[in-house]
Amino acid sequence: MLAAIARRVGRRLVSSVPALFGVVVITFVLMRVLPGDPAVFFASGPSAGQAEIEALRHKMGLDQPLPVQLLHYLGDIATGDLGRSLTTGQKVTQDIGRKLPASLELTFTALAIALSLSVPLGVLAALRPGSPVDHAVRMLCTLGVCVPTFVSGLLLIYAFYYLLGWAPDPTARIDIFASTPPEITGFYLVDFALARDWEGWSAAARQLLLPAFTMALFVLAPLARMTRASMLAVMGSDFIRAARSLGLPGYRIVVAYALRNALLPVLTITGIVFSTMLGANVLVEKVFSWPGVASYALDALLASDYAPVQAFVLLMAFIFVVVNVAIDVLYGIIDPRVSVE
Amino acid sequence: MTAPLLQVEDLHVSFSTRQGVVQALRGVSFSLGAGQTLGIVGESGSGKSVTSLAVMRLLDRAGRITQGRVLFRGQDVTRLGRSDLRELRGAAMSMIFQNPRAALNPIRTVEQQIVDVLRAHRSMSVRQARAEALDLLRAVLIHDPESRLAAYPAELSGGMCQRVMIAMAMACKPALLIADEPTTGLDVTTQKAVMDLLAGLTAERGMAMILITHDLGLAARYCADIAVMQNGEIVERGPVAALFQSPRHDYTRMLVAASPRRDSTLADLAPGLPRPQAGARNDGVRVPGAGPLLELTHVRKSFPGPVHAVDDVSFVLPQGGALGLVGESGSGKTTLSRLICRLADVDGGEIIFQGQSISDMPARDFHRAPQRKLIQIVFQDPHDSLNPRFSAFDCIAHPLRRLEGMRDGAALEARVREAAGRAGLPEGLLERFPHQLSGGQKARVGIARAIAPRPKLLVLDEPTAALDVQVQAVILQLLDRLRREDDIGLLFVSHDLNVVRMLCDDLVVLKQGRIVEAGASAAVFANPQADYTRALLDAIPHFEPACHAERESVAL
């Protein structure tokens, strides 16, 4: 069983290498054809002469032909060097290593909130199709999709920070005057917990809640609608009728029989939603000044800073692959029919 | 005498559909004493399943009991609340279903599911429940019960799934068991084993049983009483022998006539139909045509795995002849039919059609072969084999457009109408889509599509398995007429020996890809040589009311 899973994971990872390679090449070329010359951008000032710019270009290797540049870049990636950011002056790997946990923490929390809301809502809607509950859930989902995150984020800030005063100042991961946790994993909640600093933990959690809710609202719709549809299909299937004919208790039918089967397609959607959230949460990060990896990449893009953008795209592609493999493995564990093959 | 176990009084059920309210049951009344067996027979849509679901209160959201009572041990089931119903279901009355694999939860093991049932009704520890689950599996005679406990439904055969379902239905010793077409889709031999088990267990435990089936033979063999349903009403009810020997209602008479007996011929089944055109061939002795139409020599085919799907099969089908391929599922008959239609490639041997080998050409390229239009197939499921977005006309026109390159116009229309006419499909139905047609009409569309390019060989893969008996009778007669009038050779794939006997001159019995017996149908039927053939023949629930009555009287 374990060996089979390991084989599967290995096969999937190996088979994703060509796709990752394609992503690297395409991003590389795209960055080069986009307007904007980093040498001009980073020259000492608008008055910098042509000679200075040329010298900078040479130093950055931009005067070489594109294929040579690509080869150099690929060689660097192979040795684990993703280049240096011109804006921060740091190695890209270091920057991302610091910012990725912030994004991941936000995304995981948002996903947890979204799932814990959307699955029960979807189940409720499916158990009473056409009822007021069903319509209410549908409306909530529609709202979540229609309202862009920068609007809903601002609304939440307005309501919970400005009017009610329940939420803390919506900037950054923790109050600027509070102390940050010891650097262990980079996830504040985990680090505070490890340091047994519960006051800091709750401060970080409260800081996290608003942006996480904003993101959760946005992905509520696909998860809840999928849960509802798949739950409806399962509730109408023969084995549910058979379970009812055998007098099983109602909650057992809904949870152990229907929901477990209905969650299989939801799991697939969750994987896709997670990857999308991680890459697309730049708006939320901007609204809440969240020092995440997406806003880092956006800043770099605006500055024609090649290395961070390329590294970001590569990272997203890699995370997408990993998430898909993880979903695949989970699927095999939940559904015995998959592992039979 | 005590009050009956189950008493249904004037039961009305209606379904609200998009087309409005449909009355499914119109005043059904019957009663059943403890330990009695009742068969409910009728065509699809007659309301037999709705009756059983209404008794269990398992109707889906759209269905509603509008009138009448269902008294179980004197208690009105139609008025029970949720929790009372839950206690009743599984413990006092339970049900087994048509498609056993779909009735089991695909992601829970057999043991978990049986334990769920036991613990839903009896306070027992998981350990005790597990021990009892094993006993139950032994009681339903599953091979190697210890290792089946950990199996998932997908790992079991259909027959085994039905045994597990029976084990679950009997787990809490209910007084009434409703079996809704429990063996449809199973092989005849499996059907016999499952039904014998069911009958044995219910008799042994003094349970009452309601058997819902469209197969009169099955009902006659396993039930003491029969109720005949039509259009949501019980039109006739009585003891098996009396009901079938002297049916009073017209509909019962028609059903009885349409059910094949040991000695019935095609003409007996649907007496109302016009006889095939009189001719020399009509007396059952068929003159072989000019030379063989199809010849198979040492054909082999294997899929990844230890066994051969088709192993060294040879036979000859004469021009305009009819040959039956008989066997259980897994015997290789469907694979063989796919090989002959050249939808799959042979691994060895040769298939010769009209004197020319057609097995050399890869299956992927065969659509270009001139023989493609001469070999046509009618599929098992009349519904799934039609494109839901094609009207009946387009379905029938499709092979003409693809194989003969015909363009829209009068010629195409004439050919489609001709094929539809020959298949007995009314012209008014040509514009309809598959979901607007009945099962029998869809079967006719499938046949019309197959005969449209004027083939010489028609491969029929259990074309009547999904049809009611009276529709089956009509379709069989139609096939027989096509063969006689158009000189089309028929290769009839079926597990129903009785149907094969009536339609085919010769038959080939397959087991695990090998031929175990071959010969003239009548001879094989009268005097089977192989044990396997005998088992197959023995398993057919022959509709012999007289024999049944005798057996009953001996037993009493």
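Residues numbered from 1 in each chain as written. Chains lettered and ligands numbered in written order. Predicted model: local features only at pLDDT ≥ 70, side-chain atom pairs only at ≥ 80, totals over all residues. Heavy atoms only, no water.

Tallying secondary structure elements over chain A gives 16 helices and 0 strands in all. Expressed along its principal axes, the backbone C-alpha trace of chain A runs to roughly 85 × 55 × 40 Å. Counting over 341 residues, chain A shows a buried share of 43%. Residue pairs at least 24 apart in sequence account for 72% of intrachain contacts in chain A once pairs closer than 6 positions are excluded. With an accessible surface of roughly 17,200 Å², chain A has 71% of that area assigned to carbon and sulfur atoms. With 24 positive and 22 negative side-chain charges, chain A shows a spacing of 13 Å between the two charge centroids. (Helix = DSSP H or I, 4+ residues; strand = E, 2+ residues; numbered from the N terminus. Buried < 20%, exposed > 50% of the residue type's maximum accessible area, 1.4 Å probe, protein only. Contact = heavy atoms within 4.5 Å. Areas by Shrake-Rupley, 256 points an atom, 1.4 Å probe, with all protein chains shown as cover. Lys, Arg positive; Asp, Glu negative; His and termini not counted. Charge placed at Lys NZ, Arg CZ, Asp CG, Glu CD.)

All names here are of chain B. Residue position: Arg163 is located in helix H6 (residues 158-170). One buried charged residue, Arg163, remains without a salt bridge, the closest side chain of opposite sign being Asp196 at 8.8 Å. With residues up to four places along the chain from it excluded, the contact list for Arg163 reads Val140, Leu141, Ile142, Ala193 and Leu197. (Salt bridge = Lys/Arg side-chain N within 4 Å of Asp/Glu carboxyl O.)

A word on the environment of Phe218(A). Residue and element names in this part refer to chain A. One can find Phe218 in helix H10 (residues 198-235). A relative accessible area of 39% means that Phe218 is categorised as partly exposed. For the pair Phe218 and Pro67, spaced 151 residues apart in sequence, the C-alpha to C-alpha distance is 41 Å. The residues contacting Phe218, other than those within four sequence positions of it, are Gly144, Val145, Val147 and Thr149.

This part is about the interface of chain A and chain B. Residue-level contacts link 24 residues of chain A with 33 residues of chain B. For the pairing of chain A and chain B, the buried interface totals around 2,300 Å² over both sides, and the portion due to carbon and sulfur atoms is 60%. Looking only at chain A, the three residues that lose the most surface to chain B are Arg241(A), Ser245(A) and Leu246(A), adding up to 27% of its buried area. Counting across the interface, chain A meets chain B through 1 salt bridge. In this structure, Arg252(A) engages Asp116(B) in a salt bridge whose closest nitrogen and oxygen atoms are separated by 3.1 Å. Joining chain A to chain B, the criterion identifies 8 residue pairs in polar contact (both at pLDDT 80 or more). Elements supplying a minimum of two residues to the side of chain A that touches chain B: helix H11 (238-245), helix H12 (250-280) and helix H16 (336-340) of chain A. Across the side of chain A that touches chain B, the residue classes tally to 12 nonpolar, 4 polar and 8 charged. (Buried area = accessible area lost by both parts, 1.4 Å probe. Polar contact = N/O pair within 3.5 Å; in protein donor to acceptor, adjacent residues only side chain to side chain. Nonpolar A, V, L, I, M, F, W, Y, C, P; charged D, E, K, R; others polar.)

Another point: the domain arrangement of chain B. Residues and elements named next belong to chain B. Split by domain assignment, chain B resolves into domain 1 (6-259) and domain 2 (323-539). Look at where the C-alpha atoms of domain 1 and domain 2 centre, and you get two points 33 Å apart. Contact with domain 1, which involves 15 residues of that partner, is made by 12 residues of domain 2. When the buried area of domain 1 at its contact with domain 2 is split by residue, Asp187, Val188 and Thr189 rank highest and sum to 39% of it. Taken together, the links from domain 1 to domain 2 amount to 0 salt bridges. Linking domain 1 with domain 2 are 2 residue pairs in polar contact (both at pLDDT 80 or more), by the criterion used here. Among the secondary structure elements, those contributing two or more residues to the side of domain 1 that touches domain 2 are helix H7 (188-205) and helix H10 (250-258). Each residue belonging to the side of domain 1 that touches domain 2 can be placed in one class, and the counts come to 6 nonpolar, 5 polar and 4 charged. (Domains from an automatic or database assignment.)

Residues and elements named next belong to chain A. Looking at chain A, the domain boundaries give domain 1 (2-78) and domain 2 (95-340). Here the C-alpha centroids of domain 1 and domain 2 sit 31 Å apart. Listed per partner, the contact involves 23 residues of domain 1 and 21 residues of domain 2. Where domain 1 abuts domain 2, roughly 1,900 Å² becomes buried across the two surfaces, and 71% of that area is made up of carbon and sulfur atoms. The three residues of domain 1 that bury the most area against domain 2 are Arg8, Arg12 and Met31, which together make up 30% of that side's buried surface. One can count 1 salt bridge joining domain 1 with domain 2. With its nearest N and O atoms 2.7 Å apart, the salt bridge here joins Arg12 to Asp328. For the pair domain 1 and domain 2, the interface holds 2 residue pairs in polar contact (both at pLDDT 80 or more). For the side of domain 1 that touches domain 2, the secondary structure elements donating two or more residues are helix H1 (2-15), helix H2 (17-33), helix H3 (38-42) and helix H5 (66-78).

For the rest of this paragraph, the subject is the sheet that holds strand E14 (residues 348-353) of chain B. Residue and element names in this part refer to chain B. The 4 strands are arranged E12-E11-E14-E15 in an open sheet whose pairing can be described as antiparallel. Two strands in the sheet have a free side with no partner beyond their single neighbour: strand E12 (308-318) and strand E15 (356-357). For strand E11 (residues 292-302) and E14, the ladder comprises 5 bridges, and the chain directions are antiparallel. Pairing of Leu294 across the sheet is with Phe353, part of E14. (Pairing = 2+ DSSP bridges.)

Turning to unusual backbone geometry, a few remarks are in order. Of note in the backbone geometry, Ser289(A) takes a positive phi value of approximately 50° without being a glycine. Accessibility expressed as a relative area gives 37% for Ser289(A), which makes it partly exposed. The backbone of Asp487(B) sits at a positive phi, close to 60°, despite the residue not being glycine. Within the secondary structure layout, Asp487(B) lies in the loop between helix H16 (469-486) and strand E18 (489-494). The exposure class of Asp487(B) is partly exposed, given its relative accessible area of 26%.

Whether parallel or antiparallel, the strands of a sheet pair through hydrogen bonds between backbone atoms. All names here are of chain B. Spatially, E6-E7-E8-E3-E9-E10 is the arrangement adopted by the 6 strands of the open sheet, whose pairing is mixed. Pairing within the sheet leaves two strands with one partner each, and these edge strands are strand E6 (93-96) and strand E10 (233-239). Averaged over all neighbouring strand pairs, the angle between strand axes comes to 15°, with direction disregarded. This element, helix H1 (residues 48-56), spans strand E3 (37-41), E6, strand E7 (176-180), strand E8 (208-213) and strand E9 (225-230) of the sheet and lies at about 145° to E6. (Axes fitted to C-alpha atoms, helices over the stretch in contact; angles between N-to-C directions.)

It is worth spelling out a nonpolar patch on the surface at this point. Among the surface-exposed residues, Tyr158(A), Tyr161(A), Tyr162(A), Leu163(A), Leu164(A) and Trp166(A) lie close enough to one another that they form a single nonpolar patch of about 730 Å² accessible area. Its location among the elements puts Leu163(A) in helix H8 (residues 149-163). (Patch = residues over 30% accessible without salt bridge, like charges linked within 9 Å, V, L, I, M, F, W, Y side chains within 5 Å.)

Residues and elements named next belong to chain B. The full count for this structure, using the stated rule, is 35 salt bridges over all chains. When the shortest N-O distance is used, the salt bridge between Asp345 and Arg342 registers 3.2 Å. Asp345 sits in the partly exposed class, given a relative accessible area of 32%. Assessed through its relative accessible area of 1%, Arg342 is described here as buried. A salt bridge links Glu485 to Arg481, with the nearest nitrogen and oxygen atoms 3.7 Å apart. One end of the pair is Glu485 and the other is Arg481, both in helix H16 and 4 residues apart, which spans about a single turn. Taken together, the shared-partner salt bridges connect Arg422, Arg481, Glu485 and Asp486 into one network.

Residues and elements named next belong to chain A. With 13 residues, H5 extends 18 Å from end C-alpha to end C-alpha; this agrees with the ideal 18 Å at 1.5 Å per step. Along H5, the residues that are buried comprise Gln69, Leu70 and Tyr73. All buried residues of H5 lie within an arc of 100° about the axis, which places them on one face of the element. For H5, exposure combined with an orientation more than 90 degrees from the buried face picks out Pro67, Leu71 and Ala78. Turning to H5, the residues buried within the fold contact H2 and helix H15 (306-334). Positive phi shows up at Gly80, right after H5, with a value of about 85°. (Expected span 1.5 Å × (residues − 1). Arc of directions from axis to C-beta.)

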